[in-house]
Amino acid sequence: MYAISLGEDGAELRPLEPWQAEEFLTHMDRGREFIGRFIPLADAASDLESARAFLQRYADKAAADAGRIYGIWTDGKLVGGVLFRTMDVNHGTAEAGCWLEPSAVGKGLVTRACRVIIDWAVEERGIHRVEWIAAAANEGSIAVARRLGMTKDGVLRESYLRRGEWQDREIWSVLAPEWRATRKPS
């Protein structure tokens, strides 16, 4: 299996596959409440069967070129991940997302991992627009969108029901020419 270095701290980005369901579930259990505040991933992987099914859905998306999921490992431990929740190569669009367990927050892991996958999507797959959708209250996720050079497109007011409460969601995006301009060496 391959791994992509995320920097000198030894963090790695690797595909997250169905055979890793047990490790994925253990990771979810460590961060379930923290992760689940804003995203349904924590609820989607509540036992080994559902964790395997969740990862299988992404394996199927990868086979159909319609999405991808990657884990972030530090010191050999899965601590979070990034994904393309959707990807439509024909229309040149993708929606990126992320999650982390509490022990991994504040180390720049998601920003570094997203740079890798967005580079791949833009340069290898021809994606023109990468979107980022975050709960308006999810300050960490919105900070990542800003660090990635994304532009806030707008707010979808009370557009998402999460654990019985309506949430506003912000839409952020970066277009391929903007991405390339920010990635050029100075």
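Residues numbered from 1 in each chain as written. Predicted model: local features only at pLDDT ≥ 70, side-chain atom pairs only at ≥ 80, totals over all residues. Heavy atoms only, no water.

1. Looking at the overall build of the protein
Heads up, the condition is: The way it works is that DSSP assigns letters per residue, a run of H or I at least four long becomes a helix, a run of E at least two long becomes a strand, and they are numbered from the N terminus. Taken over C-alpha atoms, the radius of gyration is set against a globule rule of 2.2 Å times the number of residues to the power 0.38. Partly exposed describes any residue whose relative accessible area lies between the buried limit of under 20% and the exposed limit of over 50%, with all areas from a 1.4 Å probe on protein chains only and scaled to the type maximum. The contact criterion used is simple: two residues touch if any of their non-hydrogen atoms lie within 4.5 Å. Values of accessible area rely on a 1.4 Å probe in the Shrake-Rupley scheme; residue burial ignores everything except the protein chains shown. Positive charges are assigned to Lys and Arg, negative charges to Asp and Glu, while His and the chain termini are left out of the count. Throughout, a charge is located at the NZ atom of Lys, the CZ atom of Arg, the CG atom of Asp or the CD atom of Glu.
Looking only at helices and strands, the protein has 6 helices and 8 strands in total. Helices and strands appear in the protein in the N-to-C order β-β-α-α-α-β-β-β-α-β-α-β-β-α. Its C-alpha atoms give the protein a radius of gyration of 16 Å, within 12% of the compact-globule value 16 Å for 186 residues. Oriented by its inertia axes, the alpha-carbon framework of the protein measures out at about 40 × 40 × 35 Å. Evaluated residue by residue, the protein yields a buried proportion of 44% over its 186 residues. Intrachain contacts of the protein at a sequence separation of at least 6 include 60% that bridge at least 24 residues. For the protein, the computed accessible surface area is about 9,400 Å², with 50% contributed by carbon and sulfur atoms. Taken together, the 25 basic and 28 acidic charged side chains of the protein have centroids lying 3 Å from each other.

2. Remarks on the pattern of salt bridges
We apply this condition: Salt bridge, as applied in this entry: a Lys or Arg side-chain nitrogen positioned within 4 Å of an Asp or Glu carboxyl oxygen.
The tally for this structure, following the rule as stated, stands at 16 salt bridges. As a salt-bridge pair, Asp9 and Arg112 come within 2.9 Å of each other at their nearest N and O atoms. In this pair, Asp9 sits in the loop between strand 1 (4–5) and strand 2 (12–15) while Arg112 sits in helix 4 (residues 109–123), placing the two residues 103 residues apart along the sequence. The partly exposed category is assigned to Asp9, whose relative accessible area is 44%. Residue Arg125 is joined to Asp65 by a salt bridge in which the shortest nitrogen-to-oxygen separation is 2.1 Å. Here the residue Arg125 occupies a position in the loop between helix 4 and strand 6 (129–135), and Asp65 occupies one in the loop between helix 3 (48–63) and strand 3 (68–74), the gap between them amounting to 60 residues. The partly exposed category is assigned to Arg125, whose relative accessible area is 27%. On the basis of relative accessibility, which here comes to 22%, the residue Asp65 falls in the partly exposed class.

3. Comments concerning the sheet that holds strand 2
Rules: Here, any two strands with at least 2 DSSP bridges between them count as paired.
Taken together, the 8 strands give an open sheet; going across it, the order is 1-2-3-4-5-6-8-7, and neighbouring strands pair in mixed fashion. Strand pairing shows two members of the sheet lacking a second neighbour, strand 1 and strand 7 (151–162), which therefore form its edges.

4. Observations concerning the packing of helix 4 against helix 6 (residues 176–183)
Note the following rule: Lines fitted to the C-alpha atoms define the axes, with helices restricted to the stretch that makes contact. Angles between their N-to-C directions range from 0 to 180 degrees. Each angle gets one of four labels, with under 35 degrees taken as roughly parallel, over 145 as roughly antiparallel, 65 to 115 as roughly perpendicular, and the rest as oblique. Left-handed describes a crossing whose near helix is turned anticlockwise from the far helix by less than a right angle; the clockwise case is right-handed. Amino acids are sorted into nonpolar (Ala, Val, Leu, Ile, Met, Phe, Trp, Tyr, Cys and Pro), charged (Asp, Glu, Lys and Arg) and polar (every other residue, Gly among them).
Their axes nearest at 11 Å, the elements helix 4 and helix 6 cross at an angle of 125°. Relative to helix 6, helix 4 is oriented oblique. Every pair of crossing elements has a handedness; the one defined by helix 4 and helix 6 is left-handed. On helix 6, the residues touching Arg115, Ile118, Asp119, Val122 and Glu123 of helix 4 are Ala176, Trp179, Arg180 and Arg183. The residue makeup of the contact of helix 4 with helix 6, split by class, is 4 nonpolar, no polar and 5 charged.

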